[in-house]
Structure formats: C-alpha cells, structure tokens
Amino acid sequence: MSESAELLAIFGDPPPTDLVRTLDLGGYKWKAVTGADDVTRHEPSGGWAGAVVACDADPETAWALCRALRKRDIPVAPLLVLLSGGQLADISMRDDLFDDFCLTPFHPIELEARLRHMLRKNGSGASADTRPDLVEYSGLALNVETYQAAIEGKPLDLTYMEYELLKFLAQNPGRVFTREVLLSRVWGYEYYGGARTVDVHIRRLRAKLGEEHQNLIQTVRSVGYRFGQTRWG
Amino acid sequence: MNEEQRNYVLRTVEERGVRLVRLWFTDVLGNLKSFAISPVELENALEDGMTFDGSSIDGFSRVQESDVLAVPDANTFEVLPWGDTKTPEARVFCDIHNLDGTPFEGDPRQVLKRNLAAARALGLTFFVAPDMEYFYFAPPQRGQAPEPLDEAGFFDLTTSDISDSMRKQTIRTLEAMGIPVEYSFHEDAPSQHEIDLRHNDGLSMADSIMTFRLVVKEVAASQGVHASFMPKPLEGVQGSGMHVHLSLFSGEENAFYSPDDAYNLSPIAKHFMAGLLRHAAEITAVTNQTVNSYKRLVPGFEAPVHISWARNNRSGLIRVPIPKKGNPMATRIEYRSPDPACNPYLAFSVILAAGMRGIRDSYELPVEADANLFQLDDAQLAALGIDQIPASLGDALKVMETSELVKEALGDHIFEWFLRNKRNEWRSYKAHVSAFEHDRYLRSL
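Computed from a predicted model, the values in this text were never measured in an experiment.

Q: Help me get a handle on the overall build of chain A, residues and values and all.
A: On a plain count of helices and strands, chain A comes out with seven helices and twelve strands. Within chain A, the proportion of its 233 residues that are buried is 40%. Restricting to contacts in chain A with at least 6 residues of sequence separation, those with at least 24 account for 57%.

So, in structure tokens, the structure goes:
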C-alpha cells in the first residue's frame, strides 16, 4: 500500500498566522508554499493530503494557484479557500477550483470543522480523525482494511488481482499509468501473461463496474490507463 | 500462496457473510466437479488443501492410492453472483495434488499448466478466445427428439423473446464473474445461440469455459429450459462448435504478427499453424471427444472437414481472420474443429502442444487452400495433399493412440485413461442399432 498522504499545502505569502495556529492546534501537518512550482518541489512521496489557499490578500495569484493545482496530473485535492466577504461574488465563476471555503476572519472552530469534514470525505489521512483505509470516488467505495469494494453501495465481487488493480488505480485518481508500471506495481514479480494481462484485467474490472461506471477506468491511447477524470484538465 | 491473497479471501468470506465455499475442479472428460466446505474450514483448505477420495471421479482412479488433495487457487476465488444474496456462496478453482504435494497426473488443469509453462519457458504466452455455441431446448425426455424452443410452442410468450432474454441474463452473469463477452447472437439453427468470449490467457480461459457452461445451464434451468452443448443435437441443421482464436504473445508483442507478410503472419505463426495441421488428426479425439462430435464435422454446415488453412475460407480447419483496422494485437488464427463438449484444459493442451511442435521443428506451412474444398473430389484433394479430419470417434482414437505428441502433452495417466474410456464409448456405439438402420433396412431387406 502506498503511504497515506497527511501533509497539507498552505498558501499565503506569508501564511496567515491565525490559519497556522488553527492547524497546529488541530494537529494537522502543513507546509507553506509560494506557488505551483513549490507545490511540486515539496510534494511528499504519498502526495498532498489537500491544500488551504488564502485568497483574500492576493486574489489573482491565489486563484491562479488553485487553477494550477487542479490541472496537475494528480490534482491537489481537496482544496479549501479562505475568502473575504467581498469576494463571494467572485466565486460563482470558480466553483470548479475548490471543494469548500471559509470566510475571513474565520472562526477557528468553524475552519477546523470544515477541514475535518472535507478531508474525511476525501479519504485523506491528514488528521487522526479521517479514515485512510477508505477510498471514495464517484460512487466507488473501497475499504483497504476489509478488502471490500462497492459501487453505489452495492458490493463488487472481485478476484484478488482485480481488487489489487482497482485499489492501486483508485488510490491514484487522475494519474496515467502504463501497462508496464501497473504490471510491476500491482502484479509484482509473480505476474504471468505479460502486459496483456493488464488489458484483460481492466476489461474484467470494467465489466464488473457495470455500464454506468465502466468509464471510471479510462484508456489513454498508446499510453495506458487512468482512473477517474481529469476534470480540471 | 502469498499472505495478502489469503487474507483477501478470508476477509471477503467474513465481510460478505459467505456461507459455503465451493471447491471446483474438472474430471478428465471435462465435467465440472465440486464439493462445498464451510467458511471455518477455508483457512485450513487454503493452507494445506482438502483431502478427498478421488476414486469416484472419472479418470482420477489409480491402483493403490485413491486419496488426493484439492488445493484452492486463491486467484480464482469469487463470490457467485447467483443464488440467495442473504446466504452468498463463493467458488474457487482447485489444483489436484497427491498427498505428498506433487501435482496429480490425472488433473486436467495441471496438465494445461504444464503445457503453458513449456511455452512460457520460451517466452511465449498462449491467448485464447473461444466462440461458444449451444442450443436451448425444452426439458429433454428420454427417447424423444430434442425440441427447440423456437418451434416448441413451449411458452406463451414469443419464444425468441425468452431465449434472447436468457442470453442477455447469461451475459450479465458472465460479466459479473469477470468473463467479458465480445459478441453474442442468435445462430442460424433454431434455438441456437453463440456467445464469443474475449481473449484471455489459456488457463484463465479454460476456467472461464467451465464457468461459462455452468452459467448458461443455470440461467436456462431457472426458466425451465435445458441448454445443451451437444455438438450435433439436431439432424439437418448446424451443430455447435467452439472455434478457438489463438495467438502467442511475447511480452507486449504479438508473436503471430509480422508487418512484412501479406497476411501479417510471422514465421512463428506459420510454424504454429503447420504444427496444428500436421498433428490435427492426432489431437481430434481430444478436441472432439464424443461419438456425436463427428456428426457435426460433415460438409454443408460450416464445420471443417479438411485439414487445410485459408484466409477467408470457412471450409478449412484453420482460418486467418482479418484483424479490425489491421491491429497487430488482433492478428490471430482460428482453429475451427473443436466443439463445446470438449474438456477445455485438455483441448488447449493438445492444440498448444501441436503448434509448439511446429515452432520447435520449424515445420513448413502448406500452401493456402482457398478453393471451396467441398466441391473437390478425393482425387483432387489428394493432388493438393489435403487430408480429412478423422470421420468418427473410432478413427480419431486410432490416430491418437499412435501419437507420441498427444501422449507427452496429456501425460501417461490421462492419455491411457482417456483412450480406455473412449474406446468403450465407441464400442457401445458400434453395438447400437439406430433408427436410421431400421428405417432404411427393416422393410427392404
């Protein structure tokens, strides 16, 4: 299993002190970033758990950063923005850029509650309260602890290798993997049948996900496969 | 078995409340056998296998020792998508071992594994996509001719609705079990259907065919209908075949593909085809193992009779289909004689062994036979060097018993048991006096 993400990226130059205090008191691990390059440079091996972007001080740079975070191969999500009351009018055009927002000056308890809720929903490991063993994505729920997967609440009957493949893909949504990478990461050394095995298992998984959800696994022509949409791309 | 795999199986049984785990294996004749264990026994079964008395299984009996071990292949563990959802059941395919842990030589699945491993040792993986044909009938009565649904007036609803809905239900169940379907349609004969499965590696596909036959029969039975894989159930119309589309892959590359050939066939593909053609007569008793199989292999019903190949001639034994959009991955050959009543593990074993022999000894592929061979007489066929597939089970067994290749592919135990069993079948058939004879001779002679 890949290491679960627990580090939050924090933007604000410098990061607002009340935000930093709230995060520290809530036991969140965070790292201040100044731009998209910084996000890539400091990205932990397990990926970011999410991001908090303060938009009230320098809205233009902040929104540009939000957009950049969404456009990455692996979008940084979930993303919470801090806004001043006067900015509420700006957000209707930008609904796709963030998952939740909080008005400044914020109440620390409210921000903490919003963060906890948002990270939990995303299955991220940023706080002790969340459930890193649960991956949820567009109707699919996968519980790493119990080895069970369900689509729209209905259990999926998977073989072991189908489960392992789905788990790997679902834990890395939006990211494109070649057959070779999937073969070595999912099958490891015991694989059998070569890269074509991957195609066969993808087809089997799609069949089991059913017509409505088989598009969860996308074929990226002459590259490989991707789980989920690059909604922001 | 790795720990994760075992935990996956055990945890799934617990989480899903599985009440029974069915251990599946296959006898030498290709019948699915099963015994059920309760979840509490599963951990032990995964670890050490389950001992059972093999003497009751066709082809498993041996002189001294009758106990064998069924060892679950955890990769094939699946919750069954039918039955009561409140008391779910699961199945797992098993390999049969001797009590000392060595592979049991009477187990068809291990025979196939051995043949696949031989190809893999040369870097080649065997892929198969079968076209499965079968009929729906009213429940059969002993001594009476089968009654196709389309004609039977068996239902108040129009029968084509019923059989189409059964076919759809079958496909949904297959897909739920990870057996993807490529095409399906109503075949030419009344109540005949075809479901084409998407390619998979040889072992998974043989497992899938075992599952497929069960699913087709279960779905039909739930509607009070009998589904049959009998090769030629009705006189005067097409029988049911199991054409197999074959290819060998070397890693991600299709070893059958070559951009330099007019038909895009590589030298490996041609040697493989030559091997299949040269040994076709020897392997036919295995790919067509019933007396009835040979009534399908007659001229006039799109079944092969001659040992020949062609790009687009359906009277030949091997056809080279034209891949969609010239896709190199889809270059393959279609071997057309097998029928769905075969044992898929053994059929794939001998097909692969014949092809691999052609590769090993660089057999030369005979020239393509693109004429309609059914219009040629024996002298013309002989001039082209074209033989025929054995005309009866008796003939096929005679060729098979001289075959060192089939003996090696099946192993001594199965080779000898199979010949013994099938010679008995042929003898019983020879002693049978048929309606054909009564009609033809009783009055006139």
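What follows picks up the thread again.
Q: Can you break down the sheet that holds strand 5 (residues 100–104) of chain A residue by residue, with the values?
A: All names here are of chain A. One open sheet accounts for five strands, arranged 2-1-3-4-5; its pairing is parallel. Edge positions in the open sheet fall to strand 2 (29–33) and strand 5, since each of these has one partner strand only. Between one strand and the next, the sheet's axes are offset by a mean angle of 25°, whatever the strand orientation. Where strand 4 (residues 79–84) and strand 5 come together, five bridges link them in parallel fashion. Along strand 5, the bridge assignment pairs leucine 82 with cysteine 102. Where helix 3 (residues 59–71) meets the sheet, its contacts fall on strand 1 (7–11), strand 3 (50–54) and strand 4, and the angle it forms with strand 3 comes to roughly 165°.

Q: Describe in detail helix 1 (residues 17–26) of chain A, supporting the description with residues and values.
A: Residues and elements named next belong to chain A. Of the positions making up helix 1, those classed as buried are Leu19, Thr22 and Leu23. The arc that holds every buried residue of helix 1, seen down its axis, measures 95°, which confines them to one face. Looking at helix 1, the residues exposed on the side facing more than 90 degrees away from the buried face are Thr17, Arg21, Asp24 and Leu25. One or two steps after helix 1, the chain reaches glycine 27, where phi turns positive at roughly 80°.

Q: Requested: an account of the environment of valine 286 of chain B, with residues and values cited.
A: All names here are of chain B. Assignment of secondary structure puts valine 286 in helix 7 (residues 267–287). Between the C-alpha atoms of valine 286 and leucine 346, which are 60 residues apart in sequence, the distance is 6.8 Å. What valine 286 contacts, discounting residues up to four positions off in sequence, is Cys342, Leu346, Ala347, Val350 and Val406.

Q: Tell me about the packing of helix 1 (residues 3–15) of chain B against helix 2 (residues 39–48) of chain B, residues and numbers included.
A: All names here are of chain B. Running from N to C, helix 1 and helix 2 point in directions that differ by 175°, and their axes come no closer than 10 Å. Compared by their axis directions, helix 1 and helix 2 come out roughly antiparallel. Of the residues in helix 2, those touching helix 1 at Arg6, Val9, Leu10 and Val13 are Pro39, Leu42, Glu43 and Leu46.

Q: Explain the sheet that holds strand 10 (residues 176–178) of chain A to me, and be specific about the residues and the numbers.
A: Residue and element names in this part refer to chain A. Reading across from one edge, 10-12-11 is the order of the three strands in this open sheet, with antiparallel pairing throughout. Every other strand in the sheet has two partners, leaving strand 10 and strand 11 (217–220) as the edge strands with one partner each. When the angles between neighbouring strand axes are averaged without regard to direction, this sheet yields 30°.

Q: Describe in detail the interface of chain A and chain B, supporting the description with residues and values.
A: Opposite the 21 residues of chain A that make contact, chain B presents 25 residues. Elements supplying a minimum of two residues to the side of chain A that touches chain B: helix 5 (160–170) and helix 7 (196–209) of chain A. Examining the composition of the side of chain A that touches chain B, we find that seven residues originate from one element, helix 7 of chain A, more than from any other. Each residue belonging to the side of chain A that touches chain B can be placed in one class, and the counts come to eight nonpolar, six polar and seven charged.

Q: How would you sum up the domain arrangement of chain A? Please name residues and give values.
A: One frequent convention defines the size of an interface as the accessible area lost when the parts assemble. Domain parsing of chain A yields domain 1 (7–121) and domain 2 (134–227). One C-alpha centre belongs to domain 1 of chain A, the other to domain 2 of chain A, and the line joining them spans 30 Å.

Q: Lay out unusual backbone geometry with the relevant residues and their values.
A: Residue and element names in this part refer to chain A. The omega angle of the peptide bond from alanine 77 to proline 78 is 0°, so this bond is cis rather than trans. Checked against the element boundaries, proline 78 lands in the loop between helix 3 and strand 4. Geometrically, the link from threonine 104 to proline 105 is a cis peptide bond, its omega value of -5° lying close to zero. Position of proline 105 relative to the elements: it lies in the loop between strand 5 and helix 4 (108–121). One non-glycine residue, serine 138, lies in the positive phi region at around 45°. You can see serine 138 is positioned in the loop between strand 6 (134–137) and strand 7 (140–143). Of note, the phi angle at tyrosine 147 is positive, near 65°, even though the residue is not glycine. Among the structural elements, tyrosine 147 can be located in the loop between strand 7 and strand 8 (148–151). Owing to 21 C-beta atoms within 10 Å, tyrosine 147 belongs among the buried residues under this scheme.

Q: Just give me the short version of helix 1 of chain B, but keep the residues and values in it.
A: Over its 13 residues, helix 1 of chain B runs 18 Å from end to end, which matches the ideal 18 Å to within 8%, given 1.5 Å per residue. Residues of helix 1 of chain B that are buried include every one of Gln5, Tyr8, Val9, Thr12 and Val13 of chain B, and no others. The buried residues of helix 1 of chain B occupy an angular sector of 125° when projected down its axis, which confines them to one face. Buried residues along helix 1 of chain B sit against helix 5 of chain A together with strand 1 (20–26), helix 2 and strand 6 (89–97) of chain B. A positive backbone phi angle near 65° is found at glycine 17 of chain B, which sits one or two residues after helix 1 of chain B.

Q: With reference to specific residues and values, describe the confidence of the model for chain B.
A: Residue and element names in this part refer to chain B. Looking at chain B as a whole, its pLDDT mean stands at 91, while 97% of the residues score no less than 70. Low pLDDT, under 50, characterises residues 152–156; the predicted model gives this stretch seven contacts beyond four residues in sequence or across chains. Reported confidences for the modelled complex are a pTM of 0.78 and an ipTM of 0.80.

Q: Go over the packing of helix 6 (residues 202–222) of chain B against helix 9 (residues 344–360) of chain B with me, naming the residues and quoting the values.
A: All names here are of chain B. Two numbers describe how helix 6 lies on helix 9: the axes approach to 9 Å, and their chain directions differ by 145°. Here helix 6 and helix 9 pass one another in a crossing that is right-handed. For the pair helix 6 and helix 9, the contacting residues are Gly202, Ala206, Ile209 and Met210 in the first and Pro344, Tyr345, Phe348 and Leu352 in the second.

Reading the values: rules and limits
- Residues numbered from 1 in each chain as written.
- Chains lettered and ligands numbered in written order.
- Predicted model: local features only at pLDDT ≥ 70, side-chain atom pairs only at ≥ 80, totals over all residues.
- Helix = DSSP H or I, 4+ residues; strand = E, 2+ residues; numbered from the N terminus.
- Buried ≥ 20, exposed ≤ 12 C-beta atoms within 10 Å, placed from the backbone.
- Contact = placed C-beta atoms within 7 Å.
- Pairing = 2+ DSSP bridges.
- Axes fitted to C-alpha atoms, helices over the stretch in contact; angles between N-to-C directions.
- Arc of directions from axis to C-beta.
- Parallel < 35°, antiparallel > 145°, perpendicular 65-115°, else oblique.
- Nonpolar A, V, L, I, M, F, W, Y, C, P; charged D, E, K, R; others polar.
- Domains from an automatic or database assignment.
- Expected span 1.5 Å × (residues − 1).
- pLDDT = per-residue confidence, 0-100.
- Left-handed = near helix turned anticlockwise from the far one by under 90°.

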